[in-house]
Amino acid sequence: MSDAKSLLQELEGLVPECEARLDQASSLSELEELRIEYLGRKGRLAKIMSGLPSLSNEDKPVAGKKANEVKTALTELIEGRQSQLERAAITESLSRFDPTMPGRTPHKGSLHPVSLVMDEICDVFVGLGFEVVTGPEVENDWYNFEALNMPPDHPARDMQDTLYISESFLLRTHTSPLQVRSMQEKNPPIAVIAPGKVYRRDSDITHTPMFHQIEGVLIDENVSMADLRGTLTAFVHQLFGPKTEVRFRPSFFPFTEPSAEVDISCVMCGGKGHIDGQPCRVCKQTGWVEILGCGMMDPNVMKSVDYDTEKYSGFAFGLGIERVAMLKYGIGDLRMFFENDIRFLEQFS
Ligand code: DAH
């Protein structure tokens, strides 16, 4: 039979012994080794306790209780040292961290020039009291053509190379359907602008199958051509500067009567037609560039949605955003907008 007294002594000796060695454990891994040495399955405590079965029945519970106390004491000692070491590790790593170092700058994207110009144009018209509206890119024949005074056999339909989806559905060829949709949704006075994508079966240096337009509509009592001129002149002056000259040239659109195209003095040569004696290529020496189509709303368009044409009149206009962006930023090739060359796009940030 083992000696209970010596077993208890051995147990008690573990605590001061372990405590004395704690300071030597200077890292978390060394501490873990120490923990295993004392508390592991084959560790010092376990080894002493392997003598338990040979104790007398009176001594066994006494030794068992002591073993538990020793285990708790050892665990507390080791955990205490552990949090000490952990705190030291944090302090040490913070001492290596320099909060004054400059951060890494994340790569910042920028808005596409088409979005920039679209936002800018919308801002100008919102400032004039217009409201921004949007409509579907998949339209039906009625909104895209018929309600705009272009019946099925109308020759003006040939002007648009339409991408058809089915017999009666198509990708809108212009934003003008929004004239009709706005009249259906609102009562006069109406002042809306509608930016968005439009589609045509066209692809060469100056045409892409998808591009962007903005449509504008104003309807009220007593709206006249003077209101149209005033509004569009104010718009041009805000977008291209107050010195820009504006010219209204008679034209034809099925949905407006009378119709006009608006030219502005060339942004490249300032309207002179030449730069340093060289012919200006942007205006082809005319001194003028066309930027939009417009006119007084044709009564037939208003009648298509049962508007009282005796009481109300209005004007409409439409412009291509890529074209305005090319003029504004001096971009020579339409395809630049759609190639997504980062070196091109970065210039607009
Ligand atoms: N829808 C025409 C086009 O795509 C542009 C246009 C011209 C719109 C005259 C209008 C307008 O509202 O009055 O070429």
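Moving on, we come to the overall build of the protein chain. Counting its regular elements, the protein chain contains 12 helices and 12 strands. The C-alpha atoms of the protein chain give 42 Å as radius of gyration, which overshoots the globular expectation for 349 residues (20 Å, by more than 25%). Principal-axis analysis of the C-alpha atoms gives the protein chain an extent of 120 × 55 × 35 Å. For the protein chain, the proportion of its 349 residues judged to be buried stands at 41%. The long-range fraction of contacts in the protein chain, counting pairs at least 24 apart against all pairs at least 6 apart in sequence, stands at 68%. Per element, the accessible surface of the protein chain, about 19,800 Å² overall, is 51% carbon and sulfur. Charged side chains of the protein chain number 36 positive and 52 negative; the gap between the two group centres comes to 7 Å.

Note: most residues except glycine have negative phi, and most peptide bonds are trans. Here the bond from Pro188 into Pro189 is cis, since omega is 0°, no more than 30 degrees from zero. Relative to the helices and strands, Pro189 resides in the loop between helix H7 (177–185) and strand S5 (190–199). The omega torsion of the bond from Glu257 to Pro258 falls at -5°, within 30 degrees of zero and hence cis. Of note, Pro258 is situated in strand S8 (residues 256–265). Of note in the backbone geometry, Gln285 takes a positive phi value of approximately 70° without being a glycine.

Let us now look at the environment of Asn149. The topology assignment puts Asn149 in the loop between helix H6 (141–144) and strand S3 (163–164). Other than its neighbours up to four places away in sequence, Asn149 contacts His154, Pro254, Asp298, Asn300 and Val301.

Take a nonpolar patch on the surface next. A cluster of nonpolar side chains, contributed by Val267, Met268, Ile275 and Val282, occupies part of the molecular surface with about 280 Å² of accessible area. Here Val282 shows up in the loop between strand S10 (278–279) and strand S11 (288–297).

In the neighbourhood of the ligand, 15 residues make up the surrounding shell, with His174, Ser176, Arg200, Gln213 and Glu215 lying closest. In the environment of the ligand, an oxygen atom lies 2.8 Å from a nitrogen or oxygen atom belonging to the side chain of Arg200. Phe317 has a polar backbone atom sitting 3.3 Å from an oxygen atom of the ligand. About the coverage of the ligand: the protein hides 90% of its 350 Å² of free accessible area. The set of elements that each furnish at least two residues to the shell around the ligand consists of strand S6 (210–220), S11 and strand S12 (313–320). Across the shell around the ligand, the residue classes tally to five nonpolar, eight polar and two charged.

Take the domain arrangement of the protein chain next. You can read the domains of the protein chain as domain 1 (4–95) and domain 2 (113–348). Here domain 1 and domain 2 have C-alpha centroids that lie 85 Å from each other.

Once that is clear, we can look at helix H2 (residues 28–39). Compared with an ideal rise of 1.5 Å per residue, which puts 12 residues at 16 Å, H2 spans 16 Å between its outermost C-alpha atoms and is within 8% of the ideal. Those residues of H2 not exposed but buried are Leu31, Leu34 and Tyr38. All buried residues of H2 project into a common sector of 55° when viewed along the axis, lining one side. Close packing links the buried residues of H2 with helix H1 (4–22), helix H3 (44–49) and helix H4 (59–96).

Here the focus is the sheet that holds S3. Strands sit in the order S2-S4-S3 across an open sheet of three strands; the sheet is antiparallel. Each of the sheet's edge strands pairs with one partner strand only, and the pair in question is strand S2 (138–140) and S3. Inspection of the sheet shows S2 paired to strand S4 (residues 169–171) by three bridges, in the antiparallel sense. Following the sheet pairing, Asn140 is matched in S4 by Phe169.

In this section: the nonpolar core. Counting 46 residues, the largest nonpolar core has Ile121, Leu232, Phe235, Ile291, Leu292, Cys294 and Phe317 as its most contacted members. By residue number, the principal contributor to this core is helix H5 (residues 113–127), which donates seven residues. Ignoring any residue separated from it by four or fewer positions in sequence, one finds Phe235 in contact with Ile121, Val124, Phe125, Ile291, Leu292 and Leu319. Among the nonpolar cores identified, the runner-up in size contains 25 residues, and Tyr143, Val180, Met297 and Met302 belong to it.

Glancing now at the sheet that holds strand S7 (residues 246–253). Strand order in the open sheet made by the seven strands is S1-S5-S6-S12-S11-S8-S7, with mixed pairing throughout. Taken across any chain shown, the strands that pair with only one partner, and hence form the sheet edges, are strand S1 (131–132) and S7. Strand direction decides the pairing type here: S1 and S5, joined by two bridges, are parallel. By the bridge assignment for S5, Glu131 is matched with Val192. Strands in contact with H5 are S1, S5, S6 and S12; relative to S5, the strand with the most contacts, it is inclined by about 165°.

What follows concerns the pairing of S7. As judged from the seven bridges shared by S7 and S8, these two strands associate in the antiparallel manner. By the bridge assignment for S8, Val246 is matched with Ile264. Hairpin connection, S7 to S8: the antiparallel pair is bridged by two residues.

Rules used throughout
Residues numbered from 1 in each chain as written. Predicted model: local features only at pLDDT ≥ 70, side-chain atom pairs only at ≥ 80, totals over all residues. Heavy atoms only, no water. Helix = DSSP H or I, 4+ residues; strand = E, 2+ residues; numbered from the N terminus. Rg over C-alpha atoms; globule rule 2.2 N^0.38 Å. Buried < 20%, exposed > 50% of the residue type's maximum accessible area, 1.4 Å probe, protein only. Contact = heavy atoms within 4.5 Å. Areas by Shrake-Rupley, 256 points an atom, 1.4 Å probe, with all protein chains shown as cover. Lys, Arg positive; Asp, Glu negative; His and termini not counted. Charge placed at Lys NZ, Arg CZ, Asp CG, Glu CD. Patch = residues over 30% accessible without salt bridge, like charges linked within 9 Å, V, L, I, M, F, W, Y side chains within 5 Å. Salt bridge = Lys/Arg side-chain N within 4 Å of Asp/Glu carboxyl O. Near = heavy atom within 4 Å. Polar contact = N/O pair within 3.5 Å; in protein donor to acceptor, adjacent residues only side chain to side chain. Nonpolar A, V, L, I, M, F, W, Y, C, P; charged D, E, K, R; others polar. Domains from an automatic or database assignment. Expected span 1.5 Å × (residues − 1). Arc of directions from axis to C-beta. Pairing = 2+ DSSP bridges. Core = buried A, V, L, I, M, F, W, Y, C linked by side-chain atoms within 4.5 Å. Axes fitted to C-alpha atoms, helices over the stretch in contact; angles between N-to-C directions.

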